[in-house]
Amino acid sequence: MASDSSFDVVSDFDDQEMRNALDQVRREVQQRYDFKGVTYELTPSKTELVLLTDDEFRAKAVRELIESKAVKRGLSLKIFDWGKIEPAGGNKVRQHITLRRGLDEDLARKLSKLIREEFPKSKPQIQGDAIRVFGKSRDDLQRVITRLKELDEPVALQFTNYR
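Residues numbered from 1 in each chain as written. Predicted model: local features only at pLDDT ≥ 70, side-chain atom pairs only at ≥ 80, totals over all residues. Heavy atoms only, no water.

Enquirer: Mind showing me how you'd approach the packing of aromatic side chains here?
Expert: By convention here, two paired aromatic rings are described through the distance between centres and the angle between planes. Applying the stated rule across the entire model yields 4 aromatic pairs. Measuring from centroid to centroid gives 6.0 Å for Phe7 and Phe159, while their planes differ by 70°, and the two rings are edge-to-face. With a gap of 152 residues between them, Phe7 in strand β1 (residues 5–10) and Phe159 in strand β8 (residues 158–160) connect regions that are remote in the sequence. For Phe7, a relative accessible area of 0% gives the class buried. Geometrically, the ring pair formed by Phe35 and Tyr40 is edge-to-face, given 6.4 Å between the ring centres and 70° between the ring planes. Note on Phe35: relative accessible area 6%, which makes it buried. A network of ring pairs unites the aromatic residues Phe7, Phe159 and Tyr162 as a single cluster. When the ring centre of Phe13 is taken as reference, the NZ or CZ atom of Arg101 above it lies at 4.1 Å. (Phe/Tyr/Trp six-rings, centres within 6.5 Å; stacked < 30°, edge-to-face > 60°. Helix = DSSP H or I, 4+ residues; strand = E, 2+ residues; numbered from the N terminus. Buried < 20%, exposed > 50% of the residue type's maximum accessible area, 1.4 Å probe, protein only. Lys NZ or Arg CZ within 6 Å of the ring centre and 35° of its normal.)

Enquirer: Explanation requested: unusual backbone geometry in the structure shown.
Expert: Excluding glycine, most residues fall at negative phi; most peptide bonds, likewise, are trans. Positive phi is not limited to glycine here, since Asn91 has a value of about 55°. By the element assignment, Asn91 lies in the loop between β4 (80–88) and β5 (92–99). On the basis of relative accessibility, which here comes to 73%, the residue Asn91 falls in the exposed class. Residue Asn161 is not a glycine yet carries a positive backbone phi of 50°.

Enquirer: I would appreciate a short explanation of the sheet that holds strand β2 (residues 40–44) in the present structure.
Expert: Note: strands within a sheet are paired through backbone hydrogen bonds, in either parallel or antiparallel orientation. Taking strand neighbours across the sheet as the criterion, the 4 strands line up as β2-β3-β5-β4 in an open arrangement whose pairing is antiparallel. Among the strands making up the open sheet, the edge pair consists of β2 and β4. Within this sheet the neighbouring strands show an average axis-to-axis angle of 15°, counted without direction. Where strand β3 (residues 48–53) meets β5, 6 bridges bridge the pair, whose relative direction is antiparallel. Note on β5: the bridge partner recorded for Glu48 is Thr98. Along the sheet face, helix α1 (residues 15–31) touches β2, β3, β4 and β5 and points at about 175° away from the line of β2. (Pairing = 2+ DSSP bridges. Axes fitted to C-alpha atoms, helices over the stretch in contact; angles between N-to-C directions. Contact = heavy atoms within 4.5 Å.)

Enquirer: Would you mind going over the pattern of salt bridges with me for this structure?
Expert: Should the charged atoms of two oppositely charged side chains come close, the side chains can pair. For the coordinates displayed, the defined rule picks out 20 salt bridges. Residue Arg32 pairs with Asp34 through a salt bridge whose shortest N-O separation is 2.8 Å. (Salt bridge = Lys/Arg side-chain N within 4 Å of Asp/Glu carboxyl O.)

Enquirer: Just checking my understanding: could you explain the sheet that holds strand β7 (residues 130–135) for this structure?
Expert: Taken together, the 4 strands give an open sheet; going across it, the order is β6-β7-β1-β8, and neighbouring strands pair in antiparallel fashion. Only two strands of the sheet have a single neighbouring strand rather than two, namely β6 (122–127) and β8. The sheet shows a mean angle of 25° between the axes of neighbouring strands, direction not considered. When β1 meets β8, the two strands line up antiparallel, connected through 3 bridges. Of the residues in β8, the one forming a bridge with Val9 is Phe159. Sitting on the sheet, helix α4 (residues 138–150) touches β1, β6, β7 and β8, and the angle it makes with β1 is about 15°.

So this is what it looks like as structure tokens:
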């Protein structure tokens, strides 16, 4: 397979861009008049964000801010899995925002099957939370990438290691 070309299908995001977007959200919340004297905590971790604020209105305002800053930073909105707004102690509300990263097993199998059926000259291979696609022709691989971009999947797909 040394003469084959290949690329990887992954679902990931840039951690630094995420940190920059969240820093912009924090700065804007500090400046906004409607957030003066309001409790606001956005706690990031590797797999999720936890938002704590006074009421649902403010939680929705922060969501809009996060989404707008993420888009400006080149992050897909598909990486956010917005949990329910639930009551927290002391007249506060909490929202867990899961960050999607990697292809789950079912989606990887589905994409691999689609590639095998529609592009018989290309060979997909599931490798953990990514799919490596091999092919003799770079044109075939370009067609696979174009077809995968047309899909409306719940995760953002990126194509890396194109060789």
